[in-house]
Amino acid sequence: MIKSLFKRSGVHFGGSIISKIFTSTVYIVLSRFISPAEYGQATLVVTFSMLGSVVGDYGLSQWYQKQENEKEAFRSFMRARLILAVISSLALFTLITTLDWLPFSLALVTSSVLLPHALLSIATAYLIRHKDVFKPSLQQVIQSVPILIIMLIKQHSVTVLDAVTAYLIGDIVAVFLLFPRKKLSDLEGARTPFFATLRSATKYALLNYTSATYARADSILVRGFLGNAALGFYGLAYRYLEYFALLPASLVQITFPIFARDSKSAKKHIFALAGLMGIFGTVFGGLLALLSPVIITGFHGSEYAPAIIVMQILSATLVFMFINAPLSSYVQSSDLVKKFLPYGILNTALNVSLNILLIPTWGLQGAAVAMLVTECTGLLINLWFTKQLTRIS
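My aim in this report is to walk through the structure given alongside it, one point at a time. (Residues numbered from 1 in each chain as written. Predicted model: local features only at pLDDT ≥ 70, side-chain atom pairs only at ≥ 80, totals over all residues. Heavy atoms only, no water.)

Scanning the protein chain from N- to C-terminus turns up 17 helices and zero strands. Buried residues in the protein chain amount to 56% of all 393 residues. Within the protein chain, residue pairs in contact and separated by at least 24 positions form 84% of the contacts whose partners lie at least 6 positions apart. A total accessible area of about 16600 Å² is found for the protein chain, and carbon and sulfur atoms account for 68% of it. (Helix = DSSP H or I, 4+ residues; strand = E, 2+ residues; numbered from the N terminus. Buried < 20%, exposed > 50% of the residue type's maximum accessible area, 1.4 Å probe, protein only. Contact = heavy atoms within 4.5 Å. Areas by Shrake-Rupley, 256 points an atom, 1.4 Å probe, with all protein chains shown as cover.)

This paragraph deals with the packing of aromatic side chains. Within this structure, the stated rule accounts for 14 aromatic pairs. Ring centres of Tyr58 and Tyr209 lie 6.0 Å apart, and the angle between their planes is 70 degrees; this geometry places the pair in the edge-to-face category. Here Tyr58, found in the loop between helix H2 (36-57) and helix H3 (60-66), pairs with Tyr209, found in helix H10 (residues 194-226); they are 151 residues apart in sequence, far enough to count as distant. Centroid distance Trp384 to Phe385: 5.0 Å. Interplanar angle 85 degrees. Geometry classified as edge-to-face. Through pairs of rings, three or more aromatic residues link up here, namely Tyr64, Phe74, Phe77 and Tyr126. Stacked on the ring of Phe74, the Lys or Arg Lys183 has its end atom at 4.9 Å from the ring centre. Positioned over the ring face of Trp101 is Arg223, at 4.6 Å from the centre of the ring. (Phe/Tyr/Trp six-rings, centres within 6.5 Å; stacked < 30°, edge-to-face > 60°. Lys NZ or Arg CZ within 6 Å of the ring centre and 35° of its normal.)

On to unusual backbone geometry. Outside of glycine, negative phi angles account for most residues, and trans bonds account for most peptide bonds. Despite not being glycine, Asp100 has its phi angle at roughly 60 degrees, a positive value. Of note, Asp100 is situated in the loop between helix H4 (70-99) and helix H5 (104-112). Residue class for Asp100 comes out exposed when judged on its relative accessible area of 60%. Even without glycine at this site, Gln155 takes up a positive phi of about 50 degrees.

Nonpolar side chains collect at one region of the surface, where Leu276, Ile279, Phe280, Val283, Leu287, Leu290 and Leu291 lie side by side and expose about 620 Å² of accessible area between them. Mapped onto the elements, Phe280 comes out in helix H13 (residues 263-300). Assessed through its relative accessible area of 33%, Phe280 is described here as partly exposed. (Patch = residues over 30% accessible without salt bridge, like charges linked within 9 Å, V, L, I, M, F, W, Y side chains within 5 Å. Salt bridge = Lys/Arg side-chain N within 4 Å of Asp/Glu carboxyl O.)

Right, let's get into the packing of helix H15 (residues 317-332) against helix H17 (residues 364-391). Between H15 and H17, the least distance of the axes is 9 Å, while the angle of their chain directions is 35 degrees. Regarding H15 and H17, the two cross each other, and that crossing is left-handed. Where H15 approaches H17, its residues Thr317, Phe320, Met321, Ile323, Asn324, Leu327, Ser328, Tyr330 and Val331 are matched on the opposing element by Met371, Leu372, Glu375, Cys376, Gly378, Leu379, Asn382, Leu383, Phe385, Thr386, Leu389 and Thr390. (Axes fitted to C-alpha atoms, helices over the stretch in contact; angles between N-to-C directions. Left-handed = near helix turned anticlockwise from the far one by under 90°.)

Here the focus is the environment of Leu273. Looking at the secondary structure, you find Leu273 in helix H13. Looking at Leu273, the relative accessible area reads 2%, which means it is buried. In this structure, the C-alpha to C-alpha distance between Leu273 and Pro326, residues 53 residues apart in sequence, is 6.9 Å.

Written out as structure tokens, the structure reads:
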């Protein structure tokens with residue numbers, strides 16, 4: 001099973017590596033054309049669009065993976081996802097304009113991104129369910145090509161609005177290329193009522209909301225306490241953390257539907273899989289810590305030097321992220337997911353609390369330390385639940 005999982009995750013990981021290398025190159029070039037404060041603004045756009053997409057998904061992608069009747073589930077999934085996309089887009093626009101952290105035009109484009117994102121989440125869930133894992137991994141390449149084009153055209157006159165508008169165009173192109181249009185002819189027929197679908201997906205929504213808050217609250221708080229330039233430094237370091245975390249992210253996405261349908265096989269191999277991931281995490285974390293000064297000053301310039309220490313602290317979290325990947329996927333695909341939720345929420349609350357406590361006094365390093373501490377506590381929680389599951393016959 002482990003060999004099969006790594007083979008499928010490897011295909012997804014290979015595509016993701018291609019996608020992430022291309023996307024990271026685009027963002028590296030972008031950082032050369034805009035100031036750290038503007039880069040912080042771009043990071044805020046990414047944070048808001050990510051949070052809006054998670055809210056709009058409401059755990060429906062995972063709910064869809066768990067359903068036996070795929071045709072009926074897809075109809076219910078698509079209807080609910082599109083309704084929530086419209087609601088979340090309007091809510092995000094209202095939030096951004098109320099906070100007044102972004103210009104009106106940038107707020108409008110950012111909130112509009114949630115609509116094609118909804119169709120892409122439907123396409124990704126469908127393709128993964130049908131074991132086509134390579135296409136979704138190339139989504140970011142398609143989204144980033146227009147950004148690269150606009151930068152090549154405008155160069156030093158490029159703005160954050162230009163980049164975000166180009167990203168929206170890339171989203172639309174990705175929908176055209178990836179969405180399973182053949183399914184549109186199959187939308188008529190039985191489907192689960194809208195609110196019944198949401199009730200069934202609620203446990204996954206709570207998990208995803210908890211995870212999204214955990215992953216992005218630090219960016220919001222860094223912006224609130226320290227401003228756009230500091231968020232630019234933190235966002236750059238965090239982008240490299242995400243780059244090295246591609247393998248565990250890929251593994252979670254691939255293993256969830258497998259663990260959901262074949263928990264007995266997962267039970268036999270889960271700790272061996274976690275051990276292997278720990279080895280990978282140690283290697284990648286060490287490399288990231290060692291190369292941080294070269295990466296930041298060499299690729300982004302000395303004005304981004306404050307990101308170095310942040311990246312070095314965050315590199316230690318990779319060990320925990322890698323081990324957590326199979327454990328969290330195993331727990332969250334199990335029947336213990338409702339019992340797990342309060343612990344996940346508590347860990348997120350701890351993360352937010354530490355950020356509020358440490359950022360005003362330690363600055364960017366405080367946000368990185370908060371992430372490191374709660375990755376460790378998250379691992380302890382996942383280990384405890386995994387042991388409970390492996391004892392169940």
